[in-house]
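# Coordinates in review
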Amino acid sequence: MIEYSLTHLKQLEAESIHIFREVVAEFERPVMLYSVGKDSSVMLRLAQKAFHPGKMPFPLLHVDTGYKFKQMYEFRDELVKELGLELLVHKHKRSGEMNPFDFGTQKCCAVLKTEALLTSLREGEYDAAFGGARREEEKSRAKERVYSFRDGFGQWDPKNQRPELWSLYNAKVNKGETIRAFPISNWTELDVWQYIYMENIPIVPMYFAEEREVVIRDGQIILLEDGKTLPGEELRKEVCRFRSLGCHYCTGAVRSNARTVPEIIEEMMTVRVSERATRVIDHDTEGSMELKKREGYF
Amino acid sequence: MTIDEFLAENEKKDLLRFSTAGSIDDGKSTLIGRLLHDSKNVYEDQIQSVKNVTHDKSSKEEIDFALLTDGLKAEREQGITIDVAYRYFSTPKRKFIIADTPGHEQYTRNMATGASTANLAIVLIDARYGVLPQTKRHSFITALLGVPHMVVAVNKMDLVDFSEDVFEQIRSDFSRFAAKLTVPDIRFIPISALLGDNVVDRSSNMTWYKGEALLEILENVYVASDRNLIDLRFPVQYVLRPHLDFRGYCGQVASGVIRKGDEVTALPSKKKTRVESIVTYDGEIERAYPPMSVTVTLEDELDVSRGEMLVHSHNMPHADRHFEAMLVWMGEEPMDVNTAYGIKHTTRTARARIDELRYKVDVNTLKRMAPGDLALNEIGRVVFTSMTPIFFDSYVKNQATGSFILIDPVSNSTVAAGMIIERESADRLPSRITHGSEEAVSARRYESQVQTGEREERLAQRPATIWLTGLTSSGKTSIVYATEKKLFDLGATCVVLNGRNVRLGLSRGLDFGSTDRAEHLRRVAEVASLLNDSGIITLCAFVSPSAAIRDQVKELVGEDRFLEIHVDATAEWCEKRDETGLYEKAKSGVVQNMAGVNADYEEPEFPALTLPIETLGVEESATQIMSLLRERNIFPISNG
């Protein structure tokens, strides 16, 4: 007897491919936001699958704060070259000037991420942008739609979301309004890792543990890309890795010995601290992700 | 277990999507929090941040599970769940996706949203209160959305001393009510979400309960057979043409199994070909089944585009513009029968007009209510006509091809979810004449500089539409032409519109189904109305067997200038003088929908004039119409 069933990952994969194709079929100028992280890597593979044997019919857009880790830039440029992808990099015009020390993390994020993202989408006249957000990541994301409607200012109105039933997504927008499409909405962190493992998807080496020179800042393990310590801080060596990648000032590492994908998964199953806990910016105020999303952030 | 073993096991897990509906009072959020927590999936820091909040606002020490699940700030402030939240957890057997939805009546739309993708629904009942209207509402929506498995969880058993009697009473109350619903699999379980009884582990407080704990049910319920593997429906989503030698049709298999070499028919063209290959990134495959997303290439170069469908030639869906559905209204504004809503059905988008709201359902009692407005969170049975055909099955048979959403053409919001039913054939569904929505939305009519009175004076007549209705070959057309001659000879200005001539031009391409018939008559009514606006008398001869449609024609033309005349004859008499051959064809079944033979003719209730043509004859009938026109002061106009 032939079994017509799919594993959960194959079901998720099929759903994600469906979403990619649906957006490309219904929008005029889609773009994929690419953050170099593991979720972006999985999205990239899914996009390749969706349009195989053709090429992805949209460019990648990296909204670059200028504060990403060196290894991220290297990985990104290498990958783009190898796969022959079209990559657009957008930096806010004040990216050298803004920083979390003088302006605080909230303002820094608002300008370098949110504002930069909105400007780049507007300038590129993109009517749909793929993002790698997952509902499992954070409380306010749990209520996000697959097609997340944004008004002319890129804002998300959580009280006025379009109902989303079955896999029938509403692609109607007026000029200036956009849709953020989240093909991996239903994936969990474990799903992402398992898929990276199964599919042998390349990821930034910073996810793997090694000895790194760091400081402890506000309880977080911070890797200094510019070598500048603050008063009272001391450089130390820690075997650590990154569970989530962001700006180097605001992304902490975790102590870990996981040097391979299976080891990462093993660690995940035993250490239970949710993945965004090492992102300083989410903890500014109670409900801060929701605030950022309302203003246009992912 | 080594990590490699774990990964191998984990890869094989399947997926269960379930919905929960209920209010805070039922302990729904507590139950979900309990499932997440007890299946060891609540990460420590999430618990930590929830504790911070709780400490600010109350002195409760224990974890408030509801705070884990109520995501949005407004909800935390108001203490209610207002939107669908998706939650994830897994056990070694399965991965679970929970659609967590609020239970208040004003959130029916969210319940429907959560249920739309669910394999199973948990309906919570507070053991102290038993089956409430709210319980019925959840169950009804669960059944309406076709969720195949239902678990009725009688919660807060700790507050009724874990009493078996209480549980059994609720079980029998619910069963009596549920007999009216079509849910193939209903199970009952007594739990205490707060204390954890029968949630993950079986309760030692209720040894009388011999069934599985809730999590066991969730892990073991068999859902693979719920999919439709029989009727192949492959909606084409995207046409992939990377280079000249490759044309692939991308899509997700909605139902059935598609195999390499299968003969398939493309809809709507009905052209046949064979599946040449099924392409994926991971290599070609022999067969694809739901919910796989694949790319199909065909042996022949058919021109198939997005929104079209590949099916097996011997198993076709309905392809029609006229259909009926249960509708959950989700828009803030009530349904407007004069709006042509956008419809998204599989990968096809079209405009659809509403023909009739047949009735509404009271979600608390399941009783039918008289139609009126269909407003937010109301459910009704509605007949539609889409501008282009859609390829559908009934929702009961096939969720993917039986479901659609409606989109408001102005606000772009998703205003309704529809589930197609097929209890009557398209020909028997009521149809309706409507104004197009575009005009209603954007345009006001230009006004002529010539006054109605000036026209009447110039033409020495008052405009009117004289509408002759009656069976085919009853002599309507002969009468109108005889009348035209009399009017012309007396100096009146008039125009004749009859079925055959209009169908040769203005209504070319429309068929004799009820939908196109309504459209045909709408065009005639619009023309008659324009002619009347210009002061001209219009003589119309149309079978127009439906009283409802004639009423709508009257409405379009304007009641004060519309005269309905019944040309009354028996079908036998008409058949004898029939030169069209239609009666013969209808009797042999070649022609459907022939009034007087295989469809009803609804006689006018209050005609301005009845012409018993069999005894009267054409000339005398025309004379009577002339008298009527004089009587009604249409022509000639009396100066008195």
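Residues numbered from 1 in each chain as written. Chains lettered and ligands numbered in written order. Predicted model: local features only at pLDDT ≥ 70, side-chain atom pairs only at ≥ 80, totals over all residues. Heavy atoms only, no water.

### Considerations on the overall build of chain B
In terms of regular secondary structure, chain B is built from 19 helices and 27 strands. Per-residue burial for chain B yields a buried fraction of 56% across its 640 residues. Across chain B, contacts joining residues at least 24 apart in sequence account for 72% of those joining residues at least 6 apart. Split by element, the accessible area of chain B, about 28,000 Å² in all, is 48% carbon and sulfur. (Helix = DSSP H or I, 4+ residues; strand = E, 2+ residues; numbered from the N terminus. Buried < 20%, exposed > 50% of the residue type's maximum accessible area, 1.4 Å probe, protein only. Contact = heavy atoms within 4.5 Å. Areas by Shrake-Rupley, 256 points an atom, 1.4 Å probe, with all protein chains shown as cover.)

### Digging into the pattern of salt bridges
If charged atoms from side chains of opposite charge come close, those side chains can pair. One pass over the structure, following the stated rule, counts 53 salt bridges over all chains. A salt bridge links Lys10 of chain A to Asp282 of chain B, with the nearest nitrogen and oxygen atoms 3.9 Å apart. One end of the pair, Lys10 of chain A, is in helix 1 (residues 8-26); the other, Asp282 of chain B, is in the loop between strand 12 (271-279) and strand 13 (287-288), on a second chain. Given the relative accessible area of 27%, Lys10 of chain A is considered partly exposed. In this structure, Glu238 of chain A engages Arg236 of chain A in a salt bridge whose closest nitrogen and oxygen atoms are separated by 3.2 Å. Taking relative accessible area as the criterion, Glu238 of chain A reaches 11% and is therefore assigned buried. Salt bridges here are not isolated pairs; linked through shared partners, they connect Lys10, Glu13, Arg45, Lys49 and Glu199 of chain A together with Asp282 of chain B. (Salt bridge = Lys/Arg side-chain N within 4 Å of Asp/Glu carboxyl O.)

### Some words on helix 15 (residues 514-533) of chain B
In a regular helix each residue adds 1.5 Å, so 20 residues correspond to 28 Å; helix 15 of chain B covers 28 Å between its end C-alpha atoms and thus fits that length. The first or second residue beyond helix 15 of chain B is Gly535 of chain B, which carries a positive phi of 90°. (Expected span 1.5 Å × (residues − 1).)

### Let's talk about the interface of chain A and chain B
Chain A puts 72 residues into the contact, and the matching count from chain B is 89 residues. Together, the buried faces of chain A and chain B total about 7,000 Å²; carbon and sulfur atoms form 56% of this surface. Counting every contact that joins chain A to chain B gives 8 salt bridges. Linking chain A with chain B are 31 residue pairs in polar contact (both at pLDDT 80 or more), by the criterion used here. For the side of chain A that touches chain B, the elements supplying multiple residues, two or more each, are helix 1, helix 2 (38-51), helix 5 (189-199) and helix 6 (261-270) of chain A. Counting residues per element, the side of chain A that touches chain B draws most heavily on helix 1 of chain A, at 13 residues. Residues that form the side of chain A that touches chain B fall into these classes: 30 nonpolar, 18 polar and 24 charged. (Buried area = accessible area lost by both parts, 1.4 Å probe. Polar contact = N/O pair within 3.5 Å; in protein donor to acceptor, adjacent residues only side chain to side chain. Nonpolar A, V, L, I, M, F, W, Y, C, P; charged D, E, K, R; others polar.)

### Description of the packing of aromatic side chains
Scanning all chains against the criterion turns up 28 aromatic pairs over all chains. On the basis of an interplanar angle of 85° and a centroid distance of 5.1 Å, the ring pair of Tyr4 of chain A and Tyr289 of chain B is categorised as edge-to-face. Here Tyr4 of chain A, found in the segment before helix 1, pairs with Tyr289 of chain B, found in the loop between strand 13 and strand 14 (293-298), and the two come from separate chains. Judged by its relative accessible area of 14%, Tyr4 of chain A is buried. Counting every residue linked through ring pairs, the aromatic cluster contains Phe20, Phe51, Phe58 and Phe130 of chain A together with Tyr238 of chain B. In this structure, Arg135 of chain A is placed above the aromatic ring of Tyr86 of chain B, and the distance from its NZ or CZ to the ring centre is 4.0 Å. (Phe/Tyr/Trp six-rings, centres within 6.5 Å; stacked < 30°, edge-to-face > 60°. Lys NZ or Arg CZ within 6 Å of the ring centre and 35° of its normal.)

### Looking at the side chain of Glu199 of chain A
Within the secondary structure layout, Glu199 of chain A lies in helix 5. Residue class for Glu199 of chain A comes out buried when judged on its relative accessible area of 13%. When near neighbours in sequence (up to four residues on either side) are disregarded, Glu199 of chain A contacts Lys10, Glu13, Arg45 and Lys49 of chain A together with Asp282 of chain B.

### Looking at the sheet that holds strand 1 (residues 30-33) of chain A
Residues and elements named next belong to chain A. Read from one edge to the other, the open sheet built from 6 strands follows the order 3-2-1-4-6-5, with strand pairing classed as mixed. Looking along the sheet, the strands with just one partner apiece sit at the ends: strand 3 (87-90) and strand 5 (147-150). When the angles between neighbouring strand axes are averaged without regard to direction, this sheet yields 30°. As defined by bridge partners, strand 1 adjoins strand 4 (residues 128-130) across 3 bridges and the pair is classed as parallel. Following the sheet pairing, Met32 is matched in strand 4 by Phe130. Across the sheet, helix 1 is in contact with strand 1, strand 4, strand 5 and strand 6 (178-181); its angle to strand 4 comes to roughly 160°. Seen against the sheet, helix 4 (residues 100-123) touches strand 1, strand 2 (60-63), strand 3, strand 4 and strand 6 and runs at an angle of roughly 145° to strand 2. (Pairing = 2+ DSSP bridges. Axes fitted to C-alpha atoms, helices over the stretch in contact; angles between N-to-C directions.)

### Structural notes on the packing of helix 15 of chain B against helix 16 (residues 547-557) of chain B
Residue and element names in this part refer to chain B. Orientation of helix 15 relative to helix 16, taken along the N-to-C sense of each, is 30°, at an axis distance of 9 Å. Taken together, the axes of helix 15 and helix 16 are roughly parallel relative to one another. By crossing handedness, the relation of helix 15 to helix 16 is classed as right-handed. Here Ala518, Leu521, Arg522, Ala525, Glu526, Ala528, Ser529 and Asn532 of helix 15 come into contact with helix 16, specifically with Ile549, Val553, Leu556 and Val557. For the contact of helix 15 with helix 16, the residue count by class is 8 nonpolar, 2 polar and 2 charged. (Parallel < 35°, antiparallel > 145°, perpendicular 65-115°, else oblique. Left-handed = near helix turned anticlockwise from the far one by under 90°.)

### Brief notes about the sheet that holds strand 11 (residues 263-267) of chain B
Spatially, 7-15-11-12-14-9-8 (chain B) is the arrangement adopted by the 7 strands of the open sheet, whose pairing is antiparallel. At either end of the open sheet lies a strand with only one pairing partner, and these are strand 7 (233-235) and strand 8 (238-240) of chain B. Recorded for the sheet is a direction-independent mean angle of 40° between the axes of neighbouring strands. Relative to strand 14 of chain B, strand 12 of chain B runs antiparallel, the two sharing 4 bridges. Opposite Ser277 of chain B, over in strand 14 of chain B, you have Thr297 of chain B as the bridge partner. Packing against the sheet, helix 1 of chain A makes contact with strand 8, strand 9 (248-252) and strand 14 of chain B, and its axis sits at approximately 60° to strand 14 of chain B.

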